[in-house]
Amino acid sequence: MSIRRELEKRPISYQQGTIVTSVQLSPRVKRLTIRPEEPFDWIPGQFIITKTHVDGEDVIADYTIISSVQNIETWDILVDNYPGSRVGQRMHDAKIGDEFTFKAPRGRFYLEADTDPDGIVFVFRDIGIAAAIPLLRELYELQSSAKIDIFNVMTSGFKSILEDEIDQFGQVLDIKYHPIIDELVDIDVEKMSVGKLGKKEAEGMFGHLNKGTFYLSGASIFNKGIRQKLISIGVHKEKLFREMFG
């Protein structure tokens, strides 16, 4: 259980958010800056819950706040318009000044400590970077001395995003960045993306880090599979934290 649970910020009632900027980061992902009607506090890693009326029904979708908690007047989210995403399509089509309905904050994916003598490890797939960035930003703002490894698993339909932010964090933090794409690694990335990583492959990638604290984020099938492999190579369950998408 999270040691920060007692500090958890609770969701407020639904309100309107106004889009004030929109930046296309890749063919699938936009970064939106939102101004809420009622500003609120949140713990880095928490998300908003949107409610969008699509095809005669209210569709719920979650978006992690990726910007700093030091500014609550506006904040940023990443919207992935993946194939079949009705809310993602609607949010991508929205214009500056458009409003949408949401409530916040919600979620329990927090930075548990700003250092660990055995290191801190982030493993995320595709839009899972949205959950990792706020925790990395918190480490950056705290000027953590931890050794940090980042494993960014990118499937064939997802283009790299936010590497400039990781580079910025690396100006203060001790980061080793490992992009996991077919062109750079001798593993089947598509199999790994659904959690099918062999034990020998897991040992090769993570064995030297298995005493550290791990943060996993991405599709649920990816998280579940990678978590089991990490446990099988000696990572302690109590040092494994995850945020699942879908």
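Scroll up for the structure.
These numbers come from a predicted model, not from an experiment.

Rules used throughout
Residues numbered from 1 in each chain as written. Predicted model: local features only at pLDDT ≥ 70, side-chain atom pairs only at ≥ 80, totals over all residues. Heavy atoms only, no water. Salt bridge = Lys/Arg side-chain N within 4 Å of Asp/Glu carboxyl O. Buried < 20%, exposed > 50% of the residue type's maximum accessible area, 1.4 Å probe, protein only. Patch = residues over 30% accessible without salt bridge, like charges linked within 9 Å, V, L, I, M, F, W, Y side chains within 5 Å. Areas by Shrake-Rupley, 256 points an atom, 1.4 Å probe, with all protein chains shown as cover. Lys, Arg positive; Asp, Glu negative; His and termini not counted. Charge placed at Lys NZ, Arg CZ, Asp CG, Glu CD. Phe/Tyr/Trp six-rings, centres within 6.5 Å; stacked < 30°, edge-to-face > 60°. 1 Å grid on protein atoms, 1.4 Å probe; cavity = no way out; pocket = protein on both sides within 12 Å on 5 of 7 lines; lining within 4 Å. Points joined across faces, edges and corners; volume = space filled by probe spheres on them. Nonpolar A, V, L, I, M, F, W, Y, C, P; charged D, E, K, R; others polar. Helix = DSSP H or I, 4+ residues; strand = E, 2+ residues; numbered from the N terminus. Arc of directions from axis to C-beta. Contact = heavy atoms within 4.5 Å. Core = buried A, V, L, I, M, F, W, Y, C linked by side-chain atoms within 4.5 Å.

Chemist: What exactly am I supposed to notice about the pattern of salt bridges here?
Modeler: For side chains bearing opposite charge, pairing can occur when the charged atoms are close. For the structure on display, the rule yields nine salt bridges. For R125, the salt bridge goes to D126, with nearest N and O atoms at 3.7 Å. There is no split in this pair, since R125 and D126 are both buried. Residue D174 pairs with K147 through a salt bridge whose shortest N-O separation is 3.1 Å.

Chemist: I keep staring at a negative patch on the surface and nothing clicks. Help me out?
Modeler: A cluster of like negative charges, contributed by E37, E38, D98 and E99, occupies part of the molecular surface. For E99, a relative accessible area of 52% gives the class exposed.

Chemist: Sorry if this is basic, but what is going on with the packing of aromatic side chains here?
Modeler: Geometry of an aromatic ring pair is reported as the spacing of the ring centres plus the angle between the planes. This structure, assessed with the given rule, holds eleven aromatic pairs. One aromatic cluster in this structure is built from F40, W42, W75, F100 and F102.

Chemist: Sorry if this is basic, but what is going on with empty space enclosed by the protein here?
Modeler: Unfilled space is identified by rolling a water-sized probe across the atoms. Tallying each qualifying case throughout the model produces one cavity of 30 Å³ or more. Its boundaries defined by the atoms lining it, the largest cavity holds a volume of some 30 Å³. Forming the walls of the largest cavity are P44, S67, S68, V69, P134, R137, E138 and E141. Split by residue class, the lining of the largest cavity holds three nonpolar, two polar and three charged.

Chemist: Looking at this structure, I do not really get helix α5 (residues 199–206). What am I missing?
Modeler: Since one α-helical turn is 3.6 residues long, residues separated by three or four positions face the same way. The set of residues buried in α5 consists of A202, M205 and F206. For α5, the buried positions fall inside an angular range of 70° around the axis, keeping them on one side. When the buried face of α5 is taken as reference, the exposed residues oriented beyond 90 degrees from it are K200 and G204. Residues of α5 that are buried make contact with β7 (120–125), β8 (147–153), β9 (174–180), α4 (189–192), β10 (213–219) and α6 (220–232).

Chemist: Please explain the nonpolar core as it appears in this structure.
Modeler: The tendency in soluble globular proteins is for nonpolar side chains to be buried as a group. L78, F122 and I148 are the most contacted members of the largest nonpolar core, which totals 29 residues. For this core, the elements supplying multiple residues, two or more each, are β7, α2 (129–142), β8 and α3 (163–169). Per element, the largest residue contribution to this core is eight residues, and it comes from α2. When residues no more than four places from it in sequence are discounted, the contact partners of F122 are A132, L135, L136, L139, I148, D149, I150, F151 and Y215. V121, L216, F222 and L240 belong to the second-largest nonpolar core, a separate cluster that totals 22 residues.

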